[in-house]
Amino acid sequence: MEALFRYNWMVREEWYRWCEGLSEEELLVERTGGVGGILKTLFHIIDVEWSWIRIIQGKPDFQEKFEDFNTLQKVRELDAKFRVEVEEFVRNWDSSMESNLYQETEPDGRIVTDTWGEVIRHVIVHEVHHIGQLSVWAREIGRKPVSANFIGRGLLTAHTTE
C-alpha cells in the first residue's frame, strides 16, 4: 500500500515540474472531462487524498476552494502542508486497519458502510484516474506526458545500474 502512495507522490511531483513549462493561463484553461483543468485536477487530487484520510479517522474535514489555491505554487504549498499528515497515516498503516469500518449517511438517508481498506484503495486509484486525464490533456496541447510507469522507480526493490 505504501509503495502505491509513494508512486502517486512521485508522479505528482513530476507533474508539478511538467507544469512549470506552462503558463498560468494554460494551467487554468477549462478542459473536457475531469474537474475542468490541469491545475484544478492537481488541487482536487491532493484535497481528496487528505480529506478521505481525515474522514475515515473521524477527523474534521474542511472544504478548500480552488480559487484560494489557483496557482501552481499555492497548490504545491497546500500539497506539502497536507502531505505531512497523509504520510504519517500511510507509514503507520498496518493490516489490522483493513477492516476498520467507515460509515457515511447519504443525502437520501441511506447509511453506507465501507472498510478503511476499500477507502484507501479508492484514494490510490482516484489519483491514477486523474493522472490519466492529465496525460490526455498533455497530448492535446502537444506535450509529452509524465510517465505513468511503476516499473523502474525503485519503489519495491533496490535497482542497480551496471
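Residues numbered from 1 in each chain as written. Predicted model: local features only at pLDDT ≥ 70, side-chain atom pairs only at ≥ 80, totals over all residues. Heavy atoms only, no water.

Caption draft 1: Main features of the environment of K40. In this structure, K40 sits in helix 3 (residues 38-56). Residue classification places K40 among the partly exposed positions, given a relative accessible area of 26%. Spatially, the C-alpha atom of K40 lies 9.0 Å from that of E30, the residues being 10 residues apart in sequence. Setting aside its immediate chain neighbours within four residues, K40 contacts E30, V35 and F66. Among the polar contacts made by the side chain of K40, one reaches the side chain of E30 at a distance of 2.7 Å. (Helix = DSSP H or I, 4+ residues; strand = E, 2+ residues; numbered from the N terminus. Buried < 20%, exposed > 50% of the residue type's maximum accessible area, 1.4 Å probe, protein only. Contact = heavy atoms within 4.5 Å. Polar contact = N/O pair within 3.5 Å; in protein donor to acceptor, adjacent residues only side chain to side chain.)

Caption draft 2: Structural context of the pattern of salt bridges. Per the stated rule, a full pass over the model turns up 16 salt bridges. Put simply, E30 and K40 hold a salt bridge, and the shortest N to O gap is 2.7 Å. Of the two residues, E30 is situated in the loop between helix 2 (24-28) and helix 3 and K40 in helix 3; the sequence distance between them amounts to 10 residues. Residue classification places E30 among the exposed positions, given a relative accessible area of 51%. Note that R83 is salt-bridged to D79, the shortest N-O span being 3.1 Å. Of this pair, R83 and D79 both sit in helix 4 (residues 72-91), four residues apart, which is roughly one turn of that helix. For the pair R83 and D79, a shared accessibility class is recorded, and that class is buried. Several salt bridges converge on common partners, so that one network encompasses R12, E49, D79, R83 and E127. (Salt bridge = Lys/Arg side-chain N within 4 Å of Asp/Glu carboxyl O.)

Caption draft 3: Summary view of the pairing of strand 2 (residues 111-115). Two elements, strand 1 (residues 101-105) and strand 2, share five bridges in a ladder whose sense is antiparallel. Each bridged residue has a counterpart across the sheet, and for T105 the counterpart in strand 2 is I111. Counted between consecutive antiparallel strands, the loop separating strand 1 from strand 2 contains five residues, among which G109 sits at a positive phi close to 95°. (Pairing = 2+ DSSP bridges.)

Caption draft 4: Fine view of helix 4. For helix 4, with 20 residues, the first-to-last C-alpha span of 27 Å sits near the 28 Å given by 1.5 Å per residue. The largest bend along helix 4 measures about 35° and falls at R83. The set of residues buried in helix 4 consists of L72, V75, L78, D79, F82, R83, V86, F89 and V90. (Expected span 1.5 Å × (residues − 1). Bend = angle between axes of the 7 residues up to and from the residue.)

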